[in-house]
Amino acid sequence: MISNKAKTLAGQRTNRAASAPIPGAPGATASAPAALGGRRKHVLGPFFRIFALLALLATLWSLATPLMAYPDEPSHTIKAAAVARGQFVVQEGQSFGHGVHVQVPSYIANLSAQTCTAFKRDVTAACAPAVPMDDNYLTIGVTSAGLYNPMYYWLVGLPSLVLTGAPAIIGMRIASALLCTAFLAAGLTALTKLRKPKWPVVAAAVAITPMVLFLCSGINPNALEVAATMAAFCGLLVCLESSARLSEVKPAIATVGISVAVLANTRNVSLVWLLVAFVVAVAFFGFGSLGRLLRNRTVLVTAGLMIVGIGLGLLWIVLMLFAPGSTAAAPEGITNLVAGVRPHQAFLTMMDRAFDFVPQYIGIMGWLEVPAPQAVIQFWSMLLMLALLVPFTARPRRNAGGFWISVAALAVVPAVVQAGLISSVGYIWQGRYNLPLFVIAMISAGMAVRFRAFGTAPGFRSIARVLVVFAATAHIYTFVYILRRYVVGLKDSGNWQVMLTNPDWQPPFGWIVLTVVYAALIYRGASALYGYLFPGYVLARLPGLPLRRHGNNVAKPAPAAILDAPREPSQHV
């Protein structure tokens, strides 16, 4: 017989267990790693799941986009193939007015025929001839990227050493996609280590626009500088906030070190993005946090490695200042020298055009001739405007200081750079060049309001669900719209049905298969994001499926789609 005292103790234990929040349950305050589906000891689990999702999405873009249909992709492909074969620097007699001459396989040197769709929205990708598989003898290729830092190109060019023809180019694209999405995943994972991570994570998700995924899937160092900037900025935010407990955020320290070293060796202007990221991050947490950071031995070792990386990047810039000139004609449709324009006039013109670049942050694919659908542009513009306005509500106001610096940098820094170039190369600036600053500004918007309560009321969840679903739909719509551009061309009249009945071009595996897989992955990502923001709730549950299994008892099937239904906490993203 159980004594009354034993019953009392058992009851107290039961009450404490019942009152303790269940990780992942509604109303629980779960740690970021647990919410993302990993136990604390599996700190890399969330990273690998996010990386796998983003890498697959970017790979699908690589397959769906015809060869050489990314901005300046022929020049970057030739450069990558040359660097992979040991041609790192420009020698006398190799540089001419139209670019740098390198030795590459003939099929890579003669990729200009693949650009037959550039600036021609109504021309399908069927216009391009097949890339020969046996055309491997070395010949002269010309690249306008001859003076660029070779680090990115060496990594991306490696598949061309073991593959040939179109598979080699697609392999180079996938290598670039894996490299870029690894840094995007590292940035997102780092943000989850903040004390109040949800608003910054939402902002980072909005910053990964269709344009960012599109660029990550092509051969162009622009994508790597966007991804590395995001990773360096997010990691630095976490390190500054956790300056008093750095032992808990060692992966974030590593993220900063690797990202900074890589970013400093992408393009010359990348050092400017790095400086902006550093200034904005310190503005959020102050010099006190920076001082504590610099007293940590692990941080100092990492900083030493970062300095080496930055030094190598600066050394390359200095070496190329004394290299033979390698000017190249700008592609058709990109403005070049304009007589009589002074630097201050170029600066003011760029300031005037600040908002004109917004569509390019969202999606202007191809060679800047294929904008994302207007519905997508308008929806994402609404999200960006919300990100611009919400920090006005930040309290105390000093929490938004870093955001306003980032917005000012997004407007002013490109104007200053373009003003400095106006006399030598004219107007060359494109919106995609601003994407590193755009990513910093978007995440800063989330940081400005990170202490604002993230609502869990049904109305708030409903609004969030609608926005997440529409964002996912926008990604899918953009993907299939760009496919339409290359499969049947964008005509004056609607031709969606022709994609089904008479496609003029097909990507590998067919456009339908790619679209279905892409939609499934986007839905998986949207569901994971919603589940992270609202632990214990799901974005949607398919009708007719059992809700939950308890031992041998199976719950009744749902009669219809159940939205926002509570669930058991998931252990996977």
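On a predicted model such as this, the values are computed, not experimentally measured, just so you know. (Residues numbered from 1 in each chain as written. Predicted model: local features only at pLDDT ≥ 70, side-chain atom pairs only at ≥ 80, totals over all residues. Heavy atoms only, no water.)

Regarding the overall build of the protein chain
Here comes step 1: Helix and strand content of the protein chain: 21 helices and seven strands.
Here comes step 2: With 573 residues in all, the protein chain has 52% of them scored as buried.
Here comes step 3: Within the protein chain, residue pairs in contact and separated by at least 24 positions form 79% of the contacts whose partners lie at least 6 positions apart.
Here comes step 4: Carbon and sulfur atoms make up 66% of the accessible area of the protein chain, which totals about 25,600 Å². (Helix = DSSP H or I, 4+ residues; strand = E, 2+ residues; numbered from the N terminus. Buried < 20%, exposed > 50% of the residue type's maximum accessible area, 1.4 Å probe, protein only. Contact = heavy atoms within 4.5 Å. Areas by Shrake-Rupley, 256 points an atom, 1.4 Å probe, with all protein chains shown as cover.)

Description of the pattern of salt bridges
Here comes step 1: Counted according to the given criterion, the structure contains six salt bridges.
Here comes step 2: With a shortest N-O distance of 2.9 Å, Glu73 and Arg173 are connected by a salt bridge. A residue pair is termed long-range when its members are at least 10 positions apart, and Glu73 in helix α4 (residues 73-84) and Arg173 in helix α7 (residues 165-191) qualify at 100 residues. As far as burial versus exposure is concerned, Glu73 and Arg173 are alike and both buried.
Here comes step 3: Linking Glu248 and Arg245 is a salt bridge whose minimum nitrogen-to-oxygen distance equals 3.1 Å. (Salt bridge = Lys/Arg side-chain N within 4 Å of Asp/Glu carboxyl O.)

Section: the nonpolar core
Here comes step 1: Among the nonpolar cores identified, the biggest contains 165 residues, and Trp61, Met230, Leu237, Trp380, Phe438 and Ile443 are the most heavily contacted of them.
Here comes step 2: The biggest single contributor to this core is helix α10 (residues 221-241), with 15 residues.
Here comes step 3: Residues contacting Trp380, with those up to four places away along its chain left out, are Val206, Ile208, Thr209, Pro210, Ile362, Ala471, Ala474 and His475.
Here comes step 4: Within the second largest apolar cluster, five residues are counted, among which are Val341, Ala346, Ala419 and Ile422. (Core = buried A, V, L, I, M, F, W, Y, C linked by side-chain atoms within 4.5 Å.)

Focus: the pairing of strand β2 (residues 99-105)
Here comes step 1: When you tally the buried positions in β2, you get six out of seven residues, the bulk of the element.
Here comes step 2: Note: β2 against strand β3 (residues 138-143), six bridges, orientation antiparallel. Bridge pairing in β3 places Val100 opposite Thr143. (Pairing = 2+ DSSP bridges.)

A closer look at the layout of surface pockets
Here comes step 1: The volume enclosed by the second largest pocket comes to roughly 1,200 Å³.
Here comes step 2: If you trace the second largest pocket, you find 44 residues lining it, with Val201, Val202, Ala205, Val206 and Leu529 closest to the centre.
Here comes step 3: Contributing elements (two or more residues each) for the lining of the second largest pocket: α3 (45-64), α8 (198-207), α16 (374-389), α18 (435-448), α19 (458-487) and α21 (511-533).
Here comes step 4: Class assignment of the residues belonging to the lining of the second largest pocket gives a composition of 38 nonpolar, four polar and two charged. (1 Å grid on protein atoms, 1.4 Å probe; cavity = no way out; pocket = protein on both sides within 12 Å on 5 of 7 lines; lining within 4 Å. Points joined across faces, edges and corners; volume = space filled by probe spheres on them. Nonpolar A, V, L, I, M, F, W, Y, C, P; charged D, E, K, R; others polar.)

As for the packing of aromatic side chains
What describes a pair of aromatic rings is the distance from one ring centre to the other and the angle between the planes of the rings.
Here comes step 1: Tallied over the full model, the rule gives 24 aromatic pairs.
Here comes step 2: Judged by centre distance (6.0 Å) and plane angle (65°), the ring pair of Phe119 and Trp367 falls under edge-to-face. You can see Phe119 sitting in the loop between α5 (106-109) and β3 and its partner Trp367 sitting in the loop between β4 (364-365) and β5 (370-371), a full 248 residues away along the chain.
Here comes step 3: Taking the relative accessible area as the measure of exposure, Phe119 reaches 29% and is therefore partly exposed. (Phe/Tyr/Trp six-rings, centres within 6.5 Å; stacked < 30°, edge-to-face > 60°.)

Concerning a nonpolar patch on the surface
Here comes step 1: Judged by side-chain polarity, Phe88, Val89, Trp154, Leu155, Leu158, Leu161, Val162 and Leu163 come together as a nonpolar surface patch covering roughly 680 Å² of accessible area.
Here comes step 2: On the basis of relative accessible area, Leu155 is assigned to the partly exposed category, the value being 32%. (Patch = residues over 30% accessible without salt bridge, like charges linked within 9 Å, V, L, I, M, F, W, Y side chains within 5 Å.)

Examining the state of the cysteines
A disulfide bridge is the covalent bond that connects two cysteines by way of their sulfur atoms.
Here comes step 1: All told, the structure shown has one disulfide when counted by the stated rule.
Here comes step 2: Disulfide pairing places Cys116 opposite Cys127 at an S-S distance of 1.8 Å. Taking the torsion about the sulfur-sulfur bond, which here is approximately 85°, the covalent link between Cys116 and Cys127 counts as right-handed. Taken together, the residues span a long stretch of sequence, with Cys116 in the loop between α5 and β3 and Cys127 in the loop between α5 and β3 at a distance of eleven residues.
Here comes step 3: On the basis of relative accessible area, Cys127 is assigned to the partly exposed category, the value being 34%. (Disulfide = S-S within 2.5 Å.)

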